[in-house]
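# An overview of the molecular structure
As a plain string of letters, each chain reads:
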Amino acid sequence: MPSPSDVPLNPGDEAAPGTPGAAEDICDQCSGKGKLAGGAECPACGGSGRVMRGIGGG
């Protein structure tokens, strides 16, 4: 399993996967669709529709 520092982050990610106090969430920019209104890939989530967010703790 790759360590959190080995995983490439998207601009909308607040933390790497596996980081304590972070979890996957729906991307605000594309509403979880992975594409913007014009059909282009969402730059915030890299087209996945999901970003990593801080959820507390730490």
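Further up the page is the structure itself.
About the thresholds
- Residues numbered from 1 in each chain as written.
- Predicted model: local features only at pLDDT ≥ 70, side-chain atom pairs only at ≥ 80, totals over all residues.
- Heavy atoms only, no water.
- Core = buried A, V, L, I, M, F, W, Y, C linked by side-chain atoms within 4.5 Å.
- Buried < 20%, exposed > 50% of the residue type's maximum accessible area, 1.4 Å probe, protein only.
- Contact = heavy atoms within 4.5 Å.
- Helix = DSSP H or I, 4+ residues; strand = E, 2+ residues; numbered from the N terminus.
- Polar contact = N/O pair within 3.5 Å; in protein donor to acceptor, adjacent residues only side chain to side chain.

## A few points about the nonpolar core
Among the nonpolar cores identified, the biggest contains six residues, and these are Cys-27, Cys-30, Cys-42, Ala-44, Cys-45 and Val-51. When residues no more than four places from it in sequence are discounted, the contact partners of Cys-30 are Lys-35, Leu-36, Cys-42, Cys-45 and Gly-49.

## Overview of the side chain of Arg-53
One can find Arg-53 in strand S2 (residues 50-54). Here Arg-53 falls in the buried class, since its relative accessible area comes to 15%. At 3.1 Å, the side chain of Arg-53 forms a polar contact with the side chain of Asp-25. Setting aside residues up to four positions removed in sequence, Arg-53 forms contacts with Gly-12, Glu-14, Gly-21, Ala-22, Ala-23, Asp-25, Ile-26, Cys-27 and Asp-28.

Remember, this is a structural readout, not a statement about activity or role.
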